[in-house]
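Examination of the molecular architecture
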Amino acid sequence: MQEKAKARKQTGTFLIEGQREIQLAIQSGYDLETILFLPDLIDIEQINRITNHQVQLIEINKEVYQKLAYRDTTEGILAVAKTKSMHLVDLKLSDNPLILIAEAPEKPGNIGALLRTADAANLDAVIIANPKSDLYNPNIVRSSVGGLFTNQIATGTTSEIITFLQHNKINFYSATLQNSTSYHTQDFTPATALVVGTEATGLSQEWRDKATQNINIPMQGAIDSMNVSVAAAILIFEAKRQRNFK
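First, a word on what this report is: a plain description of the structure on this page. As the structure is a prediction and not an experimental result, all values here were calculated from the model. Residue numbers restart at each chain and count upward from 1, following the sequence in its written direction. Per-residue local features are limited, in this predicted model, to residues with pLDDT of at least 70; the limit for side-chain atom pairs, both in listing and counting, is 80 or more; totals at the level of whole chains, interfaces and linings are taken over all residues. Side-chain calculation: all heavy atoms of the structure are included, whereas hydrogens and water are not.

Some words on the overall build of the protein
- Strands here mean DSSP runs of E at least two residues long; helices mean DSSP runs of H or I at least four residues long; both are numbered from the N terminus. A count of helices and strands for the protein gives 10 helices and 11 strands.
- Here the C-alpha atoms of the protein give a radius of gyration of 20 Å, agreeing with the 18 Å that 2.2 N^0.38 yields for 246 residues.
- Principal-axis analysis of the C-alpha atoms places the extent of the protein at approximately 60 × 40 × 35 Å.
- Burial statistics for the protein: of 246 residues in total, 48% are counted as buried.
- Methods summary: accessible areas were calculated by the Shrake-Rupley approach with a probe of 1.4 Å, and residue burial reflects only the protein chains presented. Summing over all exposed atoms, the protein offers an accessible surface of approximately 12800 Å²; the carbon and sulfur share of this is 47%.
- In summary, the charge assignment counts Lys and Arg as positive and Asp and Glu as negative, without counting His or the chain termini. Charged side chains are reduced to one point each, which is NZ for Lys, CZ for Arg, CG for Asp and CD for Glu. Positive and negative side-chain charges in the protein, numbering 23 and 26 respectively, have mean positions lying 2 Å apart. Two things to know: the radius of gyration comes from C-alpha atoms, and the globule rule equals 2.2 Å times the number of residues to the power 0.38. Only protein chains enter the calculation, and the probe is 1.4 Å; a residue is then buried if its accessible area is under 20% of its type maximum, exposed if over 50%, and partly exposed in between.

In structure tokens:
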């Protein structure tokens, strides 16, 4: 897996699988280098409707396709696309942004779910602090169901991101059990970032020390934590409720 991530970094390219994902990538400004297709499942006319522009087409056989494809059910099309930079300075934020920040998420499924939730809420951006996974990992591309392309995404260290938030006068609320208050008591209508950590280790001390306010989701059962994507969704849609879904 590390070798594949290294190869993606060196070539500046990654693989997209599926018609919808390829269309979303194109709509989001990703450049495609090559389309690989299995003629038994999809023809050139269909591909032209999906891509809507000139791109190199390479016909492959079933054996090659099965080695490249990650899905059990497949549509016969893969694209080699160019990666984008994910620098904080490249983010284009609204006048009153709502941002999700996730510190060091590892599981592709969780990252994909976070991106899907961010898309559903039409957030300004998703920022990954201290990333442990290559965001162009095929499992993240797949689990995000195109959310990797529809969201503005940036990465950075915790210190870099906090400096970015402070510079842009964005309040940030750290989800943690320590020294925290219930999330629904806070005002998320000004410029806001909601910060979540992993279920195993939570947020690092710097997030807890420098937050506008530490917040928690009150638990009524025997377990004191929930899946990070579920927690993020609760916080995000409370902020959206306060903003009247505008």
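Things to note about the pattern of salt bridges
- Just to be clear on terms, a salt bridge is a Lys or Arg side-chain nitrogen sitting within 4 Å of an Asp or Glu carboxyl oxygen. The full count for this structure, using the stated rule, is five salt bridges.
- Put simply, Glu 45 and Arg 49 hold a salt bridge, and the shortest N to O gap is 3.3 Å. On the criterion of helical spacing, the pair formed by Glu 45 and Arg 49 is a turn pair, its members being four residues apart in helix 3 (residues 44-51).
- The class for Arg 49 is exposed, based on a relative accessible area of 56%.
- With a closest N to O distance of 3.9 Å, Lys 132 and Glu 106 form a salt bridge. You can see Lys 132 sitting in the loop between strand 6 (125-129) and helix 6 (138-143) and its partner Glu 106 sitting in the loop between strand 5 (98-103) and helix 5 (108-120), a full 26 residues away along the chain.
- Residue classification places Lys 132 among the exposed positions, given a relative accessible area of 56%.

Describing the sheet that holds strand 1 (residues 13-17)
- Here, any two strands with at least 2 DSSP bridges between them count as paired. Ordered in space as 1-4-2-3, the four strands form an open sheet in which the pairing is mixed. Among the strands making up the open sheet, the edge pair consists of strand 1 and strand 3 (56-59). Shown here is a sheet whose adjacent strand axes are inclined to one another by a mean of 25 degrees, direction ignored.
- With five bridges joining them, strand 1 and strand 4 (residues 77-82) adopt antiparallel strand pairing. Its bridge partner being in strand 4, Glu 17 is matched across the sheet by Leu 78. Angular values range over 0 to 180 degrees, each being the angle between N-to-C directions of two axes fitted as lines to C-alpha atoms, with helices fitted over their stretch in contact.

What to know about the pairing of strand 8 (residues 171-175)
- One ladder, built from four bridges, connects strand 8 with strand 10 (residues 192-196); its direction is parallel. For Ser 174, the partnering residue across the bridge sits in strand 10 and is Val 195.
- As paired strands, strand 8 and strand 11 (residues 213-216) are joined by three bridges and run parallel to one another. Looking across to strand 11, one finds that Tyr 173 is bridged to Gln 213.

Re the packing of aromatic side chains
- We call Phe, Tyr and Trp rings a pair once their centres come within 6.5 Å, taking the six-membered ring for Trp, and we label the pair stacked below 30 degrees between planes, edge-to-face above 60, and tilted otherwise. Considering all chains together, one arrives at seven aromatic pairs under this definition.
- For the pair Tyr 30 and Tyr 136, a centre-to-centre distance of 6.4 Å together with 75 degrees between the ring planes defines the contact as edge-to-face. Of this pair, Tyr 30 sits in the loop between helix 2 (19-27) and strand 2 (32-37) while Tyr 136 sits in the loop between strand 6 and helix 6, placing them 106 residues apart in sequence.
- Judged by its relative accessible area of 8%, Tyr 30 is buried.
- When the centroid spacing of 4.9 Å and the interplanar angle of 85 degrees are considered together, the rings of Tyr 173 and Phe 188 count as edge-to-face. Remark: Phe 188 occurs in the loop between strand 9 (181-182) and strand 10 and Tyr 173 occurs in strand 8; sequence separation between them is 15 residues.
- Counting every residue linked through ring pairs, the aromatic cluster contains Phe 14, Tyr 30, Tyr 136 and Phe 149.
- Above the plane of the ring of Tyr 30 lies Lys 84, whose end atom (NZ or CZ) is 4.6 Å from the centre. Charge-over-ring placement is defined geometrically: NZ (Lys) or CZ (Arg) within 6 Å of the ring centre, and within 35 degrees of the ring normal.

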